[in-house]
Amino acid sequence: MFKKILVANRGEIARRVIHACREMGVETAAVYSEADEKALHVLEASEAVSLGPSEPSQSYLNIDKIVEAVKKTGAEAVHPGYGFLAENARFAKRIEEEGVVFIGPPSAVIRDLGDKIVARRIMKDGGVPITPGMIEPGPDPARVAAEADKIGYPVLIKAAAGGGGKGIRIVNSGGEIADALAGASSEAKSAFGDGSVYVEKFFPKARHIEFQILADSHGNAIHLWERECSIQRRHQKIIEESPANVMTPELREKMGQAAVAAARASGYVNAGTVEFLVDEKGDFYFLEVNTRLQVEHPVTEMITGIDIVRKQLEIASGEKLGIRQEDVMGRGHAIECRLYAEDPRSDFMPSPGKIKYYKEPAGPGVRVDGGVYSGFEVPVDYDPIVSKLIVHGEDRDKAIARMIKALGDYVVLGVTTPIPFMIDVLNSEAFRGGDIFTDFIPRHFADWKPANRNKREALIAFVADELSGRASKKPIAAGKSRVPSPFDTLGNWRL
Amino acid sequence: MEYNLILDGETAPVEVETEGEGKISVTIDGVKSDVAYSVIGEHRIRLVIEGKAVDVFVTGDSSGKSILIGGESFLVADKDAAGQPSFRKVAVGSLPDVVTAPIPSVVVSVAVSEGDRVDKGQAVMVVSAMKMETTLRAPYSGTVIRVNAGEGDKVMPGHVLVDIERDEDGEGEHV
């Protein structure tokens, strides 16, 4: 096992990795930007290296600076977390070239799977079902139109180098092909520097189900069951659960085999996620492989009891998996809610700012992977994730009840969070009934407004708070003792 | 006494009578409730409304409080509270021609330093008095020649806190 690793990330995921390392007796080097000088991942690591300015390109996305930090700290391996450089093949290659271990798949695998067309070809050759469509880039509108006619509308035009919903167009008829092709291609060119696009069948009513895989460098590969990730806003997941509602042991067996086949076909090593679309008939199609630790990995950890980050380190240091497929058991049901500093009433706009007060929920089966504290300033420069709240229950209904209770106990003052929205989603008939497709939020919660059930209590609380003088009991800034003026002591006079 | 509270853009009249130490009766929409309250911590108060306990987390002051109850969050403000920064629009044309505090205050933060260029209406200092923060703004465009108060200083009305040399060609305005 490594003596020391560098964690090339920030926030809750950097803490997650640091905590695993501390349990394993591995020293950690954190990196941080100016905005994160007082961040928890910096406070909790064995040592920390400043990267400089807050702009991602000057800090967490800066390969040279991170490599420099690796050399300076003498770390033997680098954990990239998720986001930032996690799926950057150039970064992984550079780390490999420096003679340091990249805790993730080999750079060549990241490169191949990062190109959607190459990935489709690998999967097709490996016997993994892919969505009907092209396996070569199609710049010629006539060819794309012919292909679209063959697979049937609606179709999706996608960027080969895509991600984050960019360079994607839904096309309902042949007449729209040329425009959509040009639009998707120019968007892809500006977002990814590569205008290659291709066409595949579009499934308007589909579930997004992914399989967690683990593969070691000795040829062993297994899956750790599935996660249902259909609750999304702006193409980003916000609620994930495991097991999936539609899953049967038979379908899990089939999809799990496909996921392991995907790992083998691509030469995968370390932890990864194979994403599938499952249509209304229960047919499934390969979507892509996420070559990193996923944000939602805790739901899998909760039901399987397997520490995925620990496994990542073990695999990266050359150890064998030590678990066979038949050893993997799922117990109960786990749900994760991602809490961002964002406002569900205004299309989930980020609302960064200072957290005035913060109190996490606790109790049986409740886990919080957080990165903030009272007084912490959620930086404007990065993904405004506050924390992930994960619960485990005996079954889905009990997990839902546990999540609603935990959300109700979660106190975040100072920034807006989607907690009331999450509670309403979890309480809804649609969610409880398992009617979950990727269009869930636009379909059921497009015009969501808070129910304000406690409106009367809130008005009374305002008055009581005024009269109680709580706000004036704030401690005076350190070292600034001063004689109170009558204005401090007047209290709340009213006529 | 009566409060006019703003929640979600609507004004709610709230009639309050003091019944004793930590005890009030509150009438909203014609419904009266007996309420007991106590401060639990810096951001936590406990209410007992008609015998029912309510755990409340709160931050802010009269000009606006963020109130959290059982996973729901509310922004509530007192319509009649003086100097509500979040509800009062600062009319740039009506600024005083010196930077000074409206009432005896404590300086919370200083946004400019000597030599800085400032535009008319730009925030230069934040002062706090009676639990309310007020942003002081530049009365005209110009250059900061001196900052006369620092963080934590007590300041009085009329005390010029920031000296600004007015631009000669400052859009020709004379305040």
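In the block above lies the structure referred to throughout.
Just so you know, these numbers come straight off a predicted model, no measurement behind them.

Procedures and definitions
- Residues numbered from 1 in each chain as written.
- Chains lettered and ligands numbered in written order.
- Predicted model: local features only at pLDDT ≥ 70, side-chain atom pairs only at ≥ 80, totals over all residues.
- Helix = DSSP H or I, 4+ residues; strand = E, 2+ residues; numbered from the N terminus.
- Rg over C-alpha atoms; globule rule 2.2 N^0.38 Å.
- Buried ≥ 20, exposed ≤ 12 C-beta atoms within 10 Å, placed from the backbone.
- Contact = placed C-beta atoms within 7 Å.
- Pairing = 2+ DSSP bridges.
- Right-handed = clockwise from strand over helix to strand, strands pointing away.
- Axes fitted to C-alpha atoms, helices over the stretch in contact; angles between N-to-C directions.
- Nonpolar A, V, L, I, M, F, W, Y, C, P; charged D, E, K, R; others polar.
- Core = buried A, V, L, I, M, F, W, Y, C linked by C-beta atoms within 7 Å.
- Left-handed = near helix turned anticlockwise from the far one by under 90°.

A. Representation of the overall build of chain A. The helix and strand tally for chain A stands at 17 helices and 22 strands. Computed over its C-alpha atoms, the radius of gyration of chain A comes to 24 Å, within 12% of the 23 Å expected for a compact globule of 495 residues. Taking the principal axes of its C-alpha atoms as reference, chain A extends roughly 80 × 50 × 45 Å. Buried positions account for 49% of the 495 residues belonging to chain A. Across chain A, the fraction of contacts at a sequence separation of at least 24, relative to all contacts at a separation of at least 6, is 65%.

B. Structural view of the overall build of chain B. A tally of regular secondary structure across chain B gives 0 helices and 15 strands. Long-range contacts, defined here as pairs at least 24 residues apart, represent 43% of the contacts in chain B between residues at least 6 apart.

C. Local environment of the pairing of strand 1 (residues 4–7) of chain A. All names here are of chain A. Here strand 1 runs beside strand 2 (residues 27–33); their pairing, made up of 4 bridges, is parallel. Across the sheet, Leu6 pairs through a bridge with Ala29, a residue of strand 2. The parallel pair strand 1 and strand 2, bridged by helix 1 (residues 11–24), forms a crossover whose chirality is right-handed. Where strand 1 meets strand 4 (residues 77–79), 3 bridges bridge the pair, whose relative direction is parallel. Bridge pairing in strand 4 places Leu6 opposite Val78.

D. Highlighting the environment of Pro80(A). Here Pro80(A) is to be found in the loop between strand 4 and helix 4 (89–97). Each residue touching Pro80(A), except ones within four places of it in the same chain, is listed here: Ala8(A), Asn9(A), Leu85(A), Ala86(A), Gly104(A) and Arg292(A).

E. Spotlight on the sheet that holds strand 2 of chain A. Residue and element names in this part refer to chain A. Spatially, the 5 strands line up as an open sheet ordered 3-2-1-4-5, and their pairing is parallel. Sheet topology places strand 3 (47–52) and strand 5 (101–102) at the edges, where each strand pairs with a single neighbour. Along the sheet face, helix 1 touches strand 1, strand 2 and strand 4 and points at about 170° away from the line of strand 1. Here helix 3 (residues 63–73) sits on the sheet in contact with strand 1, strand 2, strand 3 and strand 4, set at roughly 150° to strand 3.

F. Highlighting the interface of chain B and chain A. Taken residue by residue, the interface counts 43 residues in chain B and 38 residues in chain A. Within the residue set of the side of chain B that touches chain A, elements represented by two or more residues are strand 1 (2–7), strand 2 (10–20), strand 3 (23–28), strand 4 (31–41), strand 5 (44–49), strand 6 (52–61), strand 7 (64–69) and strand 8 (72–78) of chain B. No other element matches the 6 residues that strand 6 of chain B contributes to the side of chain B that touches chain A. In terms of residue class, the side of chain B that touches chain A is built from 28 nonpolar, 8 polar and 7 charged.

G. Representation of the nonpolar core within the structure. Ranked by size, the top nonpolar core spans 143 residues in total, and within it Leu6(A), Val78(A), Ile213(A), Ala461(A) and Ile67(B) carry the most contacts. By residue number, the principal contributor to this core is helix 16 (residues 455–468) of chain A, which donates 7 residues. Those residues in contact with Ile67(B), other than ones at most four positions away along the chain, are Ala458(A), Ala461(A), Phe462(A), Val56(B), Val58(B), Phe74(B) and Val76(B). Formed by 22 residues, the second largest nonpolar core is a distinct cluster that contains Met134(A), Val155(A), Ile157(A) and Val171(A).

H. Region of interest: the packing of helix 7 (residues 141–151) of chain A against helix 8 (residues 177–192) of chain A. Residue and element names in this part refer to chain A. Two elements in contact, helix 7 and helix 8, have axes separated by 10 Å at closest approach and are oriented at 115°. The interaxial crossing formed by helix 7 with helix 8 has right-handed handedness. Of helix 8, the residues touching helix 7 (which contributes Pro141, Val144, Ala145 and Ala148) are Ile177, Ala178 and Leu181. Of the residues in the contact of helix 7 with helix 8, the class split is 7 nonpolar, no polar and no charged.

I. Structural context of unusual backbone geometry. All names here are of chain A. The omega angle of the peptide bond from Tyr153 to Pro154 is -5°, so this bond is cis rather than trans. In this structure, Pro154 sits in the loop between helix 7 and strand 6 (155–159). The residue after Ser242, namely Pro243, is reached through a cis peptide bond having omega 0°. Its location among the elements puts Pro243 in the loop between strand 11 (236–242) and helix 9 (249–266). Residues other than glycine seldom take positive phi values, yet Phe348 does so here, at roughly 60°.

J. Local environment of the environment of Lys237(A). All names here are of chain A. Along the chain, the position of Lys237 falls in strand 11. Considered as a pair, Lys237 and His208 are 29 residues apart in the sequence and their alpha carbons are 9.8 Å apart. For Lys237, the contacting residues outside a window of four places in its chain are Cys229, Ile231, Gln232 and Glu296.

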